[in-house]
Amino acid sequence: MSLNIEQLKSEKVRILGISGSPRNGVTDYLSQIALEEASAVPGVETDFLPLHKVKINHCIQCEQCLKLDPGRNYEHFCPPFHDDMDELIPRFLAADGYIIASPVYEMNYTPLLGIFMGRFRPLWRVFKGVHRNKVGGAISVGGTRYGGQETSVQVINSFFLLNEMINVSGTSGGYIGACAWSRDKLPKEFDDPIGVEKVRDLGKRVAEVTRIVKAGRALFPDGRPDLNNLDKNPVKEAPYAP
Ligand SMILES: Cc1cc2nc3c(=O)[nH]c(=O)nc-3n(C[C@H](O)[C@H](O)[C@H](O)COP(=O)(O)O)c2cc1C
């Protein structure tokens, strides 16, 4: 196989930032700082999805999505609900790397973020392994200094891991993700330079690792389904299909 280094270096990647806050506050602000830092890495495009702008239902475990046909590209992946997830799923699939941020609510990520993440079961059924070897990093923001930020990034990290993604941290001091302290302020009064530094580090690392992995995948294709050529990429049955 001939190795075209220049082509690999120019491979574009897309990083999707998701804010799990139900309002336009510090989490949106920090998500955009992380994306700004990511976009400074050559070849990186970004997209931002603040979840307070969308309307989505929570999964009711009706099990209907487990009857969808593996490998088929559906317009509606969730049989009972035709809501904003219909547009968000293709947008999510189009990304190579993810930065997911949440305010801390009761020592955990927000119910809104949980509702979003709970809607990915149809993808597991239809495009098994579709997120394998994508990249993800987590950010959390608490009103108190030690209010559950680390717990929250850990559970976001678990979402990446269960989707077979590569989970990256920030740099030293952002060991499992970036944690910030808002003192319950809004962005114009927000003042946590260490938190911002960790958020920037995380945005940069997600972008760097995503580029490295995407270039590596071009050399060593991993069999992930190609959504543009589904006929040529039959997807195996999901293991627990009824
Ligand atoms: C229902 C609720 C629960 C919260 N629980 C916590 C908590 O357990 N720990 C904490 O540090 N902050 C907690 N906070 C404060 C928020 O995490 C904090 O104000 C954060 O900066 C909000 O982010 P936003 O500006 O992006 O909305 C809570 C806020 C709300 C509304």
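Parameters at a glance
- Residues numbered from 1 in each chain as written.
- Predicted model: local features only at pLDDT ≥ 70, side-chain atom pairs only at ≥ 80, totals over all residues.
- Buried ≥ 20, exposed ≤ 12 C-beta atoms within 10 Å, placed from the backbone.
- Helix = DSSP H or I, 4+ residues; strand = E, 2+ residues; numbered from the N terminus.
- Pairing = 2+ DSSP bridges.
- Near = placed C-beta within 6 Å.
- Nonpolar A, V, L, I, M, F, W, Y, C, P; charged D, E, K, R; others polar.
- Right-handed = clockwise from strand over helix to strand, strands pointing away.
- Contact = placed C-beta atoms within 7 Å.
- Core = buried A, V, L, I, M, F, W, Y, C linked by C-beta atoms within 7 Å.

1. Brief notes about the pairing of strand 4 (residues 135–142)
The buried count for strand 4 comes to eight of eight residues, which makes it a mostly enclosed element. Side chains of strand 4 alternate between two faces, with V135, G137, I139 and V141 and G136, A138, S140 and G142 buried alike. Sheet topology note: the strand 3 (residues 97–103)/strand 4 ladder contains seven bridges and is parallel. Bridging from a neighbouring strand, A101 pairs with I139 of strand 4.

2. Considering the site of the ligand
Taken together, the neighbourhood of the ligand is formed by 18 residues, with G25, T27, G142, G143 and G147 sitting nearest. Every element with two or more residues in the shell around the ligand is listed here: helix 2 (26–39) and strand 4. Within the shell around the ligand, the residues separate by chemical class into six nonpolar, nine polar and three charged.

3. Some words on unusual backbone geometry
With a phi angle near 65 degrees, N133 is a residue other than glycine that sits in the positive phi range. Along the chain, N133 falls in the loop between helix 5 (121–126) and strand 4. Even without being glycine, R183 reaches a positive phi, approximately 50 degrees. Mapped onto the fold, R183 is located in the loop between strand 6 (178–181) and helix 7 (193–219). Taking the C-beta count within 10 Å as the criterion, R183 has 13 such neighbours and is therefore assigned partly exposed.

4. With respect to the pairing of strand 2 (residues 44–50)
Examined bridge by bridge, strand 1 (residues 13–19) and strand 2 share seven bridges and lie parallel to one another. Looking across to strand 2, one finds that I18 is bridged to L49. For the crossover that starts at strand 1, traverses helix 2 and ends in the parallel strand 2, the hand is right-handed.

5. So, the environment of D201
Residue placement: D201 occurs in helix 7. By the C-beta count within 10 Å, which is 20 here, D201 ends up buried. Linking D201 and G137, residues 64 residues apart in sequence, is a C-alpha distance of 11 Å. Once residues within four sequence positions are removed from consideration, D201 is found in contact with G170, T171, G174 and A178.

6. Looking at the nonpolar core
One finds I15, L30, A34, I99, I139, V199 and V206 to be the most contacted residues of the largest nonpolar core, which totals 51 residues. A total of seven residues in this core trace back to one element, the largest contributor, which is helix 2. Setting aside residues no more than four positions away along its own chain, V199 makes contact with L30, I33, A34, I139, A178 and A180.

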